[in-house]
Amino acid sequence: MKFELKYYRHCLLTFALLSMAVQVCFAQIEFTEHTIAGDFYGAWSVYAADIDGDGDMDVLGAAYEADDR
């Protein structure tokens, strides 16, 4: 009886882990596009980092042609 219980418990745990792995692997991630600057010509580099420590990602960019508006 103990062997059967261990076997079924093992099968159930394996099934649960495989189900979670399949859900993670095939999860659909949705993104919403937001234009930050439409006239950022000659972009050299763009980075996303939490500069001010508020938990939100900030965008940093450098360009050849600066338009300081």
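All figures in this text were calculated on a predicted structure; none of them were measured in a lab.

We now examine the overall build of the chain. A tally of helices and strands in the chain yields one helix and two strands. Moving toward the C terminus, one meets the helices and strands of the chain in the order α-β-β. In the chain, buried positions account for 3% of the 69 residues. As displayed, the chain has an accessible area near 7100 Å², and 62% of this comes from carbon and sulfur atoms.

Next up on the list: the environment of Ala49. Residue position: Ala49 is located in strand 1 (residues 43-49). Among the residues examined, Ala49 registers a relative accessible area of 26% and is labelled partly exposed. Along the backbone, Ala49 and Leu60 are eleven residues apart, and their C-alpha atoms lie at a distance of 7.7 Å. Residues in contact with Ala49, not counting those within four places in the same chain, are Asp56, Met57 and Asp58.

Rules used in this analysis
Once a new chain begins, its residue numbering starts again from 1 and follows that chain's sequence as written. Local features in this predicted model are restricted to residues of pLDDT 70 or higher, and side-chain atom pairs are both shown and tallied only at a pLDDT of 80 or more, whereas totals for entire chains, interfaces and linings draw on every residue. Water and hydrogen atoms were dropped before computing side-chain values, which therefore reflect all heavy atoms in the structure. For helices the rule is a DSSP run of H or I covering at least 4 residues; for strands it is a run of E covering at least 2, with both sets numbered from the N terminus onward. Each residue gets one of three labels from its accessible area relative to the maximum for its type: buried under 20%, exposed over 50%, partly exposed in between, using a 1.4 Å probe on protein chains only. Only the protein chains shown count as cover for residues, and all accessible areas are computed by the Shrake-Rupley method using a 1.4 Å probe. In this description, contact between two residues means that some pair of their heavy atoms is separated by no more than 4.5 Å.

Function-wise, these values are silent; they only describe arrangement.
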